[in-house]
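Single-letter residue listing:
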Amino acid sequence: MIKVTQKDLKEIVETVQDYAQILIVGCGGCASVCLGGGQKEVDRLCAELNLVFKAERKPGRATGYTIERQCNPVFIDELKQIIDKYDCALSMACGAGCQYMAELYPGVPMFPAVDTVAIGIDRDIGVYEERCRACGECVVGYTGGVCPVTRCAKGLFNGPCGGTSGSMCEVNPNIPCAWVEIYNRLKDQNRLDNIKKIRPTVKWQNQTQRTLIQKR
Amino acid sequence: MTIQNPPEIDSRKIREILWERKKEVVVSLKSCAHCALCADSCFLYRCRKNDPKYMPSHKVINSIGTIYKKKGKVTRAELEEIRDIVWKRCVLCTRCYCPLGIDIPSLISLARQICRSQGVVHDFEEGKIE
């Protein structure tokens, strides 16, 4: 699922300090699951913001409201009765949710209260690891279930670069080299043939906006 | 260490939310013919070996249906039971289909809204979904 993390409180205060009535909108989907922007986090941010406004004698007043999802108009519709009462809104959903809210309520300045970090897995509750960059051309079938786009700093498709040192990445020595993992896994599965064929480089389809129409 | 009691359930607030969409709730609950055709459209129902507890109609009747039947006068324990139905047995993928046109996701979402208004929400830190 998508993983988000709350922005620094100072940054949030700076973006909304000129507004009197602020609506913090939580998302009951991925943002809730990763403990970044669900109802609990909305309540906490709301209390923190009101405390800052009070301490700094600012007129701002934050109110929280959580909808089930900010990427689906059915749920965003729930806000139409209350959103006009507010001068601006802080979205605690991923970038997609925040943008959709801004599109559906163009009269209300919409600010993100979280940073969208990754499409990732839950290593543990509160510990997440990125696993996908949504490149649109999945190759993990040939690479032993290890994504070279996400896990290789250079996104290489045909083996490691020259910088691999002690099975670790040269860009970040704390990250294991994706290609060492790919090699080891394929070797264990007796599938090394999979990476012997030269593959064309990634097409970076995710650099332009994509629209998906599911065909059956 | 002091242990804080959870706040009382505010039935008035629940009724307020419910009454705003009363017509939709009443028509939906009355229209359900218990045909069970919605069941097959729910992937959770199918991957839980056709457990009837995962049927979309069952989830609606036992969540918003219960709240409506009790006119919002539900206890915390009842609301917690409803919370488990609407969070643990439904992911709100909005793919369920009713031949009579009942908007099932919207009703589940309303039940969640009512739970949220009383601070009865699913705890994602608690662990895995059922």
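Just so you know, these numbers come straight off a predicted model, no measurement behind them.

Student: Looking at this model, I keep getting lost on the overall build of chain B. Mind explaining?
Tutor: Of the regular secondary structure elements, chain B holds seven helices and zero strands. Moving toward the C terminus, one meets the helices and strands of chain B in the order α-α-α-α-α-α-α. Its C-alpha atoms give chain B a radius of gyration of 15 Å, within 12% of the compact-globule value 14 Å for 130 residues. Taken along its principal axes, the extent of the C-alpha atoms in chain B is 50 × 35 × 20 Å. Buried positions account for 38% of the 130 residues belonging to chain B. Across chain B, contacts joining residues at least 24 apart in sequence account for 69% of those joining residues at least 6 apart.

Student: Explanation requested: the environment of Ala153 of chain A in the structure shown.
Tutor: Residue and element names in this part refer to chain A. Note that Ala153 resides in the loop between α6 (148–151) and α7 (178–188). The class of Ala153 is partly exposed, set by 15 C-beta atoms lying within 10 Å. For the pair Ala153 and Glu170, spaced 17 residues apart in sequence, the C-alpha to C-alpha distance is 8.7 Å. When residues no more than four places from it in sequence are discounted, the contact partners of Ala153 are Cys169, Val171 and Asn172.

Student: Where do I start with the interface of chain A and chain B in this structure?
Tutor: By a frequent convention, interface size equals the accessible area lost on bringing the separate parts together. The interface is formed by 13 residues belonging to chain A together with 10 residues belonging to chain B. Of all the secondary-structure elements, those providing two or more residues to the side of chain A that touches chain B are α2 (30–33) and α4 (73–76) of chain A. Considered class by class, the residues forming the side of chain A that touches chain B number five nonpolar, six polar and two charged.

Student: Could you clarify how one ought to interpret the environment of Asp188 of chain A in this entry?
Tutor: Secondary-structure assignment places Asp188 of chain A in helix α7. Separated by 104 residues in the primary sequence, Asp188 of chain A and Asp84 of chain A have C-alpha atoms spaced 60 Å apart.

Student: Please clarify how the nonpolar core should be interpreted in this entry.
Tutor: For soluble globular proteins, the rule of thumb is that nonpolar side chains tend to be buried together. Membership of the largest hydrophobic core comes to 37 residues, with the highest contact counts inside it found for Ile22, Ile24, Val25, Ala31, Leu90 and Met92 of chain A. Sorting elements by how many residues they give to this core places strand β2 (residues 21–27) of chain A first, with five residues. For Val25 of chain A, the residues in contact, after removing those within four places along its chain, are Tyr65, Ile67, Gln70, Leu79, Ala89, Leu90, Ser91, Met92 and Met101 of chain A. Residues Tyr54, Ile64, Trp87 and Val120 of chain B belong to the second largest nonpolar core, which totals 32 residues.

Student: Any chance you could explain the domain arrangement of chain A here in plain terms?
Tutor: Annotation of chain A at the domain level lists domain 1 (2–118) and domain 2 (133–207). Here the C-alpha centre of domain 2 of chain A lies 37 Å away from the C-alpha centre of domain 1 of chain A.

The rules we used
- Residues numbered from 1 in each chain as written.
- Chains lettered and ligands numbered in written order.
- Predicted model: local features only at pLDDT ≥ 70, side-chain atom pairs only at ≥ 80, totals over all residues.
- Helix = DSSP H or I, 4+ residues; strand = E, 2+ residues; numbered from the N terminus.
- Rg over C-alpha atoms; globule rule 2.2 N^0.38 Å.
- Buried ≥ 20, exposed ≤ 12 C-beta atoms within 10 Å, placed from the backbone.
- Contact = placed C-beta atoms within 7 Å.
- Nonpolar A, V, L, I, M, F, W, Y, C, P; charged D, E, K, R; others polar.
- Core = buried A, V, L, I, M, F, W, Y, C linked by C-beta atoms within 7 Å.
- Domains from an automatic or database assignment.

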